[in-house]
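Working through the structure, step by step
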Amino acid sequence: MTAQPKLLVFGESLGSHAAEAAFAGFDSFTSMANLVARTEGALFAGPVASNPIWSTIVNERVLDHRRGVPISTMAARFGCLPASTI
């Protein structure tokens, strides 16, 4: 039996919006479930406010951890690098 290749998804800015669209469900929670079920991971760099999955994840974060702390109820991690490290 041959192992299946891993699928990692990446999108930057508007590209992250298009990457999310590939996993669209009837709502953002279904879209997130599709993304988690069908991939090994995703990296969305600089997503725009209209990204449905991103918006839901941001709204579901624990309020005490709004700045770069990897806390979410939806299998997501957040990161924040100072501009000087980029």
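Computed from a predicted structure; not experimentally measured.

Every buried residue of helix α1 (residues 14–21) is listed here: S16, A19 and E20. Along α1, the residues classed as buried sweep out an arc of 100° about the axis, all on the same side. In α1, the exposed positions angled more than 90 degrees off the buried face are occupied by L14 and A18. Residues of α1 that are buried in the fold lie against β1 (8–12), β2 (41–45) and α3 (52–60).

With respect to the element layout, T39 can be found in the loop between α2 (28–38) and β2. Within the local environment of T39, its side chain forms a polar contact with the backbone oxygen of L35, the two atoms lying 2.7 Å apart. A polar side-chain atom of T39 sits 3.5 Å from the main-chain amide nitrogen of G41.

Here we take up unusual backbone geometry. For S13, which is not glycine, the phi torsion reads 55° and is therefore positive. Residue classification places S13 among the partly exposed residues on the basis of a relative accessible area of 33%.

What follows concerns the nonpolar core. Counting eight residues, the largest nonpolar core is built from V9, A19, F23, M32, L35, F44, I53 and I57. Put simply, the parts of the chain that give this core at least two residues each are α2 and α3.

Bringing the packing of α2 against α3 into the picture now. Orientation of α2 relative to α3, taken along the N-to-C sense of each, is 105°, at an axis distance of 9 Å. Overall, the two elements α2 and α3 adopt an arrangement that is roughly perpendicular. Between α2, through S28, F29, S31, M32 and L35, and α3, the contact on the second element is made entirely by P52, I53, T56, I57 and E60. A breakdown of the residues in the contact of α2 with α3 according to their chemical character gives six nonpolar, three polar and one charged.

Here the focus is the environment of A45. Residue placement: A45 occurs in strand β2. Residues A45 and L14, 31 residues apart in the sequence, show an inter-C-alpha distance of 9.5 Å. Those residues within four positions of A45 in sequence are excluded, and the remaining contacts are F10, G11, E12 and S13.

What counts as what
- Residues numbered from 1 in each chain as written.
- Predicted model: local features only at pLDDT ≥ 70, side-chain atom pairs only at ≥ 80, totals over all residues.
- Heavy atoms only, no water.
- Buried < 20%, exposed > 50% of the residue type's maximum accessible area, 1.4 Å probe, protein only.
- Helix = DSSP H or I, 4+ residues; strand = E, 2+ residues; numbered from the N terminus.
- Arc of directions from axis to C-beta.
- Contact = heavy atoms within 4.5 Å.
- Polar contact = N/O pair within 3.5 Å; in protein donor to acceptor, adjacent residues only side chain to side chain.
- Core = buried A, V, L, I, M, F, W, Y, C linked by side-chain atoms within 4.5 Å.
- Axes fitted to C-alpha atoms, helices over the stretch in contact; angles between N-to-C directions.
- Parallel < 35°, antiparallel > 145°, perpendicular 65-115°, else oblique.
- Nonpolar A, V, L, I, M, F, W, Y, C, P; charged D, E, K, R; others polar.

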